[in-house]
Each structure stands twice: as C-alpha cells, then as structure tokens.
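Each chain, written out:
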There are 2 protein chains.
Amino acid sequence: MSSAPPQTPIVDIHTHIYPPSYISLLKSRDEIPYIRQFPPAKEHRLVILPAEDTPSTSRGRPIGAEYYDIAEKIAFMDNHSITTSVISLANPWLDWLPPSTALQTALEINTEINDLCTLYPSRLYFFGTLPLSAPPQSILESITHLKTLPHCRGIILGTTGLGSGLDDPSLLPIFHALANAKLPIFLHPHYGLPTSVFGPRGNDYGHVLPLALGFPMETTIAVTRMILSSVFSLVPTLQVLLAHSGGTLPFLAGRIESCILHDAHLKSEGKLQDINGGQRKTIWEILKTNIWLDAVVYGDVGVKGAVGASGIDRVMFGTDAPFFPPLDEEEEVEGEGGKKWLSVSMNMDAIRSACGAGSEEEKAVLGRNAIRLFGLDLPASASTSDHVDSHVRERGSDGAGERDSNLAP
Amino acid sequence: MSSAPPQTPIVDIHTHIYPPSYISLLKSRDEIPYIRQFPPAKEHRLVILPAEDTPSTSRGRPIGAEYYDIAEKIAFMDNHSITTSVISLANPWLDWLPPSTALQTALEINTEINDLCTLYPSRLYFFGTLPLSAPPQSILESITHLKTLPHCRGIILGTTGLGSGLDDPSLLPIFHALANAKLPIFLHPHYGLPTSVFGPRGNDYGHVLPLALGFPMETTIAVTRMILSSVFSLVPTLQVLLAHSGGTLPFLAGRIESCILHDAHLKSEGKLQDINGGQRKTIWEILKTNIWLDAVVYGDVGVKGAVGASGIDRVMFGTDAPFFPPLDEEEEVEGEGGKKWLSVSMNMDAIRSACGAGSEEEKAVLGRNAIRLFGLDLPASASTSDHVDSHVRERGSDGAGERDSNLAP
C-alpha cells in the first residue's frame, strides 16, 4: 500500500535510538529521565517527562529492544524498504548530565553511535549530541570531536539550549562552530507546553494533547525565537532541520511575518531592518535558505504546507521510530513486503498524495533530498542510477563527507 | 494591487467592534479589561490582557474611533471594496461580567449591535455574544433573544466557555441550542499561552510571540479539546467558524489523527470508536462537516492548507480590523481606490495566490461562501448576477433568514 518501488532510495532522517551506554545511565538514576522495573511487572519502563512520572506501575512506556538494539533498527528499515537512516539519540538527550561528566559522556555516546553506524556501512548515519550542561569550551570541543566521526551528519538539539532557549546570545559561538563544521541542527521538541494549557480534562485524552499539540508548538516557539533574535542573520549559513515539518511554522509563517510588520515596538527599536543593516530577512527567505523540514506530519495538507514553505528540495521523509508503534497487530498495515507500521504508512501515503505517486517530487522527499543535503553514500544494493545527484560532492579527506552547497552559500 | 474587481462581492466575516455601551462599561472599570487615560497623555487606551497591564503610560493600545464608530467601519469597508461585513464584539467579550448583570448586558449589547446593522441594510450582519458568567438558563435565554434579531448570523465565543474550556459537558445544552437555532459559533482566541513559554527575552519581540503564536495555539488547543470530548458526535449539526484559519488545526490535523490512532489509553477506554457507537468521526471528517475557516492567515501556504483541510466551500475572507492597522502611512499599500491596510492586502494577496486571480475559487473565498453559508442579502449596488446562489434560501418568516443546508444536514 505504502511501500515505494524498490528502486527508489528511501532515507529516514527522523529515527531515534538510546544506545546501550545511555540505557545503562538511565537505569542508574532515580529521577527523570530514568528506566526502572515496577514490581510485580517484570518489564522495564522508560520515564522521561514530568507529566508521566506518576505513582503508577504503568508510568512512562515499556522499553523493548527496538529502543536500543541496532539490529532491530535495521530490521525495521528492511521491513519498510528504508535504504538508509540518519539515527539520533532520543530525547531528553544529554541536557540533564552533571556539568563535570557531560563532555566525557557526550564523547563516549557519540563515538558509540558512530561505531554502530560502522557496523552497517552506508545504511546508517547519525546526528550527534552536545553536552549542553558542560562549559562552553567543552561544547565546542565536542563539535570538534564530531567532525572526526565519519558517519556524523549533524547534531540533534532540544529547545532549551543552555537553559534559557535558542535565542540566547551565549549560543552564538556554538551556532557559528556548527555552521563552520557544516553540521546542521536537527531541532526536536521534548518539553512541550505547561500541562495547564490543556485544561482539567487533559488526562482523559491520553497523550494526545501534549504529543499532538505540545510538541509541535514547542518547536514553533523555539525556532520563532531564533528568527526574532536574528540568529539567521548573525549566522547566515546555519542550517536547521525542524522536526515534525516545522511544528506549525509553515502554516504560521504568514501570521508571524504580518505580526512583525505590524509591531510598533519592533519598528521603534529599528528591528524591522536587518541586524547587519539593509533589508530584514523575511520568514519566507529563512524558510528557503536556513530551514529544512522533515515530512513527519501524517497528512498531505501538512506535506504540501512544508513543501510550499521551504521548497520541494528541502523536505525529507522520516518515521519518528521507535515511537508511535502500532497499538497491536491490527493497527499494522498490510503492504508489499509484509506488515508496516501505521505511523510509517500514514507518512508515506501523505507524501505520495501531496507529491503524486511515482513523481520526481515524491522521490525527492522520500530520499534524494536527504542524500544530497547530507552527502550520503547509498548501499550497493540501492539503485545507483537513482541516487547519483550532481549536488553530492566527493567525500572529503576528513572522512565526514561534503554536503550540498546550501550548507555554505 | 489587492482589490478584487468591483463586481465580485467581498464579505468580511472577521471584523470587530466595541459598541458605545461596551466602551462605557470599559471606561467605568479599574481592572482589565478597561479603558483609561494616562496623564499627561490625553488619548484613551484600551487594556485587555494581563501581560499588557503594566505600569506604563503606553500600556495596551490607543483606542480611536475605528474601535467603536460604525461609520468608521463602513469607511474602512468602502476603502477596501468590502461589500458586506459580519461584525463581532472584540475580545474579551462578556466573560468578565458579574453573573447578576450579565444577561441584561448581553441583551442590550446584542440589540445595540443589531441596531447598528439596521443603519446600513445588507452591508452589516453580526455575531452575537453570550452572557457566559450568567446561569445556564440565562445563557439559553440570550440565544432565544438572538434568534429574534434579524441581522444575527451566529455567536462569537472565546476558549474558556463556562470557565474550564469548551470540552466542558455543561456546555452541551448550549451547543445544542445554538445548533438548533442554526447559529454557528465563531471561535476566537483571547488568552493566548502562559508568558513563560515565550522565554526570558519575549519582551524584546514586542507582541509578536503572543499574537502570532499564542493566539492560534490557543484556538487549536480549544477546538482539539472539543473534538476529543466528542462534541461533534454529540451535537452533529454544530458549525464552528475558527478564527485565523483554524489557528494551526489544518496543519496539525494529520498529527492529531495519528496521535489518537496510536494512543493506548484512548484505545483501552474504547474511545477509538464513536461515542454513539460505530466508526469514530475523524478529524478530517469534522473539518469538512463541522468546521468553517476564515482566511486570516497572511500567506498562501496557510490559505492552501485551510482549503485543503476544510474544502474550497468552507473558507472565508476576513480582515481582523480594527486590529493590525498600518504602523504609519508608509505601511499602507497603494491600490485601486486608494491606500489599503497592509494586513488586508496580505490576506487578499494570499487568497489570490492560493486560488488563482479571478478564479471561481477566489470568488468563493472572497465572498460567495459567506453569502451562502450565512444566508446574506447583498446591497443593491453589488452585482446581482454574482451573488445569486442556489444554496441561499428565501429569508424565513422569523426575519433571521435561512442558511445553507450545511447547518442542518
């Protein structure tokens, strides 16, 4: 039903893992994030959010091998005809580490994930993770380390930054270092919105309100704060891949732009001009020069919005696995090659419906954009005629590859 | 630049006014919402939000005649080639009235606005306002009263309902009464999100974050709570017009639907079936049968998303006037018939770009949908050939007109 023809490379740029050493760390803790058994149940459960850390034996979620076993990731990819994945540490990343051990832990976890990628040549790449609680110099050192890891293709980042958001001027040296290293940021939500905004009956609706609304709204607020603080004028080559098709940024871009143009305070402060002088970079320009979007939006209205906002060459397939597994076997969707996860089929169907089945646009979103933008090699089994793309440069001598010139206009 | 050909009726379904008696009420108060002078300045200022009630002489916004003088509304309409407007009381409506006086105030203000409409036959209709702080029986009485007012075409409603949101079961009798009276709800934000979510530098960005993000997110959360509490199964003929193109609902609809389908709690509670038995009404069905959207989204990505979600026959032009005035004359846009507000031109341009200049789709969104869905008569000066529409029924004997059969499937 949803699987693309086998000759089309499919690249999943939004797929998570907790590598074994991170699992060990979580098992050693007794406050969130942590992993624990709740007797008499024998299963281990992962608790990462304050709202789910309730006195219940069913708090959080059961954590099976699909969360930490790289062989399970490969099996999931095979089952869904995914050629290559760019894996990333799942939230809440390393934000909670003690400053004294954060750098060492980051170096170890990034090395460990790179080693996992080495096991499956050309099938796995990864986004690294920064030790944000460490001193600034240590964060920069971790970026230098990531440049030496051949499978690294960017970093995953939450919305809190150093503790007060991504519009924090203290982050600018880090953004500069990432831009210079040609490492895009994969901006991903974790904290959502305060529970109060979902009202007194929020618990009646399971996790729908925080997951469906809180997560994308968190992402939208974070990137809008980056835009308003002129990050994309101060670091013009910074590239940010936004989770969940930008949260709601494509849809709200017009309203944000209008609110800026009608704001008396911004005008009186001279902020309707660019911080470097000259014309202000509009949201629409930023969307087309600094933003990439995944296509994890579960509907063709969303995919069309993402493509309309950032362009057909900047939107990329993702799964969000191992999150959103089928509730049970009934929820799996029968297709070519066996049963698929409903969540994956929804996203593949949305791309097909928005782009046209078998179209060049569909192929771009399913895989070609990721191959070009992240400079990926494909496994030999994937069609070579399909993945050759003039935008992919030769792999550089540093082993980290060279990405699309979009990274360094 | 933005004005449509004069023969195309343009109907503004999102445009506000504070009628003179409401202004008097606000002037009599010393806590929000209130209107006051802050000497030495002579101007009156309107303060409606906690965040803007700061110890400053520039708190809130200056309130000129465009906020309360109906002649100014007509002049604005003439200047922008708007044939007919459906005016509504601006936020925060009547939520704050003492329970003992709320009904009487609502009856008076609704009568007053209806009388304003009488002054300009076929050019003005209105959305009434409910006395939400009054006892339930009084709220129902106000709905009965609205049915007697010939220019009433629905009611405007905030997101708090009776104090705990629109998923409150106590609202169901009111929703039933509105559906039976064929009075759609115009759902409009006011409270936004808690200031904390915008971070420590939010004040640096003027009103952009609360207005551009807080407002549409508030609307999205409110309507999603209605959906999750099965309002549209329990009151299947209820029609809700969502401000600002649904906040972000069209873009997030796919993610909301996916989160519902993947929620173990909802499944275990039997909530993946419809509350009446049978198949659950999906968000996409609700969008196409219970939701109307304005086109106040300031960009073609948003208009296309609104049309994609609810259909070309359910999206309607609006201005949000008198909010978002030009910052000064430089911001006005030169066009046929003189200078236009930039905010209006942005929305007209977005519709034109999304639908195609001069297309039937553009005409539908600019005016025909509103004429049909709200059963509007057009002024004699508007082209009669253009506004005749088989969906408009003859005006009923109660004087309130009959609307599209969508209202009573």
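Above this text sits the structure in question.
Since this is a predicted model, take the numbers as computed values, not measurements.

Thresholds, definitions, all that
Residues numbered from 1 in each chain as written. Chains lettered and ligands numbered in written order. Predicted model: local features only at pLDDT ≥ 70, side-chain atom pairs only at ≥ 80, totals over all residues. Heavy atoms only, no water. Helix = DSSP H or I, 4+ residues; strand = E, 2+ residues; numbered from the N terminus. Buried < 20%, exposed > 50% of the residue type's maximum accessible area, 1.4 Å probe, protein only. Areas by Shrake-Rupley, 256 points an atom, 1.4 Å probe, with all protein chains shown as cover. Contact = heavy atoms within 4.5 Å. Buried area = accessible area lost by both parts, 1.4 Å probe. Salt bridge = Lys/Arg side-chain N within 4 Å of Asp/Glu carboxyl O. Nonpolar A, V, L, I, M, F, W, Y, C, P; charged D, E, K, R; others polar. Least-squares fit on C-alpha atoms with pLDDT ≥ 70 in both. Axes fitted to C-alpha atoms, helices over the stretch in contact; angles between N-to-C directions. Parallel < 35°, antiparallel > 145°, perpendicular 65-115°, else oblique. Left-handed = near helix turned anticlockwise from the far one by under 90°. Pairing = 2+ DSSP bridges. Phe/Tyr/Trp six-rings, centres within 6.5 Å; stacked < 30°, edge-to-face > 60°. Core = buried A, V, L, I, M, F, W, Y, C linked by side-chain atoms within 4.5 Å. Polar contact = N/O pair within 3.5 Å; in protein donor to acceptor, adjacent residues only side chain to side chain.

Caption draft 1: A look at the overall build of chain A. The number of helices and strands found in chain A is 14 helices and 13 strands. With 409 residues in all, chain A has 63% of them scored as buried. Summing over all exposed atoms, chain A offers an accessible surface of approximately 14300 Å²; the carbon and sulfur share of this is 54%.

Caption draft 2: Broad picture of the interface of chain A and chain B. With 72 residues of chain A at the interface, the matching set in chain B holds 73 residues. Both faces combined, the contact of chain A with chain B buries some 6000 Å², and carbon together with sulfur accounts for 71% of it. It is Phe251, Arg255 and His262 of chain A that lose the most area in chain A upon contact with chain B, and together they represent 15% of the buried surface on that side. At the junction of chain A and chain B, the tally comes to four salt bridges. The salt bridge partner of Arg201 of chain B is Asp168 of chain A, with a shortest N-O separation of 3.8 Å. Every element with two or more residues in the side of chain A that touches chain B is listed here: helix H6 (208-228), helix H8 (249-261), helix H9 (264-268), helix H11 (300-310) and helix H12 (342-355) of chain A. It is H6 of chain A that provides the largest number of residues to the side of chain A that touches chain B, a total of 13 residues. A per-class count over the side of chain A that touches chain B returns 38 nonpolar, 22 polar and twelve charged.

Caption draft 3: Broad picture of the environment of Pro173 of chain A. Looking at where Pro173 of chain A falls in the secondary structure, it is placed in helix H5 (residues 172-180). By relative accessible area, Pro173 of chain A is classed as partly exposed at 45%.

Caption draft 4: Layout of the pattern of salt bridges. Tallied over the entire structure, the rule returns 22 salt bridges over all chains. Ionic pairing is found between Arg201 of chain A and Asp167 of chain B, a salt bridge with its closest N-O pair at 2.7 Å. Of this pair, Arg201 of chain A sits in the loop between strand S8 (185-187) and H6 while Asp167 of chain B is found in the loop between strand S7 (152-157) and helix H5 (172-180), placing the two residues in two different chains. On the accessibility criterion, Arg201 of chain A (16% relative accessible area) is buried. By relative accessible area, which is 4% here, Asp167 of chain B ends up buried. Notably, a salt bridge pairs Glu360 of chain B with Arg368 of chain B, separated by 2.7 Å at the nearest N-O pair. Residue class for Glu360 of chain B comes out partly exposed when judged on its relative accessible area of 46%. The structure contains a network of salt bridges with shared partners spanning Asp167, Asp168 and Arg225 of chain A together with Arg201 of chain B.

Caption draft 5: Spatial organisation of the relation of the copies chain A and chain B. Screw-axis analysis of chain A against chain B gives a translation of 0.0 Å along the axis, an RMSD of 0.0 Å, and a rotation angle of 180 degrees. Each copy turns onto its partner about a two-fold axis. Counting the interface residues of chain A, we find that 100% of their copies in chain B are interface residues as well, pointing to one common contact surface.

Caption draft 6: Here's a closer look at the packing of H11 of chain A against H12 of chain A. Residue and element names in this part refer to chain A. Look at H11 against H12: their axes get within 8 Å of each other, and the N-to-C directions meet at 60 degrees. Looking at the two axes, H11 sits oblique to H12. For the crossing formed where H11 meets H12, the hand is right-handed. Counting all contacts with H11, which are made through Asp300, Val303 and Lys304, the residues of H12 involved are Ala350, Ile351, Ser353 and Ala354. For the contact of H11 with H12, the class distribution of residues is four nonpolar, one polar and two charged.

Caption draft 7: Expanded view of the sheet that holds strand S3 (residues 44-47) of chain B. Residues and elements named next belong to chain B. One open sheet accounts for three strands, arranged S2-S3-S4; its pairing is antiparallel. Either end of the sheet is taken by a strand with one partner, and the two such strands are strand S2 (34-37) and strand S4 (61-62). Where S3 lies against S4, two bridges are found, and the strand directions are antiparallel. Across the sheet, the residue bridging to Arg45 is Pro62, located in S4. Along the sheet, helix H1 (residues 20-27) makes contact with S2 and S3, crossing S2 at roughly 70 degrees.

Caption draft 8: Up close: the sheet that holds S7 of chain B. All names here are of chain B. Strand order across the open sheet formed by eight strands is S1-S5-S6-S7-S8-S9-S10-S11, with parallel pairing between neighbours. Looking at the sheet topology across the chains shown, the edges are occupied by strand S1 (11-17) and strand S11 (315-316). Here strand S9 (residues 240-242) runs beside strand S10 (residues 291-294); their pairing, made up of three bridges, is parallel. Note on S10: the bridge partner recorded for Leu241 is Trp292.

Caption draft 9: Molecular detail of the side chain of Ser138 of chain A. As for its position among the elements, Ser138 of chain A is in helix H4 (residues 136-147). Setting aside anything within four residues of it in sequence, one finds Ser138 of chain A in contact with Leu103 and Pro131 of chain A.

Caption draft 10: Structural detail: the packing of aromatic side chains. Residue and element names in this part refer to chain B. As enumerated under the stated definition, the model contains 18 aromatic pairs over all chains in all. Measuring from ring centre to ring centre gives 6.0 Å for Tyr22 and Trp96, while their planes differ by 70 degrees; the resulting arrangement is edge-to-face. Placement of the pair is Tyr22 in helix H1 and Trp96 in the loop between strand S5 (84-89) and helix H3 (99-119), with a sequence separation of 74 residues. Note on Tyr22: relative accessible area 0%, which makes it buried. Take Trp96: its relative accessible area is 19%, and that puts it in the buried class. Between Phe127 and Phe374, the aromatic rings sit 5.5 Å apart at their centres with planes inclined by 70 degrees, giving edge-to-face as the arrangement. Linking Phe127 in strand S6 (residues 124-129) with Phe374 in helix H13 (residues 360-374), this pair joins segments that are 247 residues apart in sequence.

Caption draft 11: Inspection of the nonpolar core at higher detail. Among the nonpolar cores identified, the biggest contains 256 residues, and Tyr18, Phe175 and Leu238 of chain A together with Tyr18 and Leu238 of chain B are the most heavily contacted of them. In contact with Tyr18 of chain B, not counting residues within four places along its chain, are Ile23, Leu26, Leu46, Ile48, Ile63, Tyr67, Tyr68, Leu89, Ala90, Asn91 and Phe323 of chain B.

Caption draft 12: Structural view of the environment of Ala350 of chain A. All names here are of chain A. In this fold, Ala350 is placed in helix H12. The class of Ala350 is buried, set by a relative accessible area of 4%. When residues no more than four places from it in sequence are discounted, the contact partners of Ala350 are Tyr298, Gly299, Asp300 and Val303.

Caption draft 13: Region of the structure containing the side chain of Arg123 of chain B. Residue and element names in this part refer to chain B. Residue placement: Arg123 occurs in the loop between H3 and S6. Among the residues examined, Arg123 registers a relative accessible area of 18% and is labelled buried. Polar contacts involving the side chain of Arg123 include one to the side chain of Asp78, which spans 2.7 Å. Leaving out residues up to four positions away in the same chain, Arg123 has contacts with Ile74, Met77, Asp78, Ile82, Thr83, Thr84, Ser85 and Pro379.

Caption draft 14: Structural view of the environment of Val301 of chain B. Tracing the backbone shows Val301 of chain B in helix H11 (residues 300-310). Look at Val301 of chain B and you get buried, because its relative accessible area is 9%. The spatial distance from the C-alpha of Val301 of chain B to the C-alpha of Ile351 of chain B is 9.7 Å, given a sequence separation of 50 residues. If near-sequence neighbours (up to four positions away) are discounted, Val301 of chain B is found in contact with Pro250, Trp284, Gly305, Gly308 and Ala309 of chain A.

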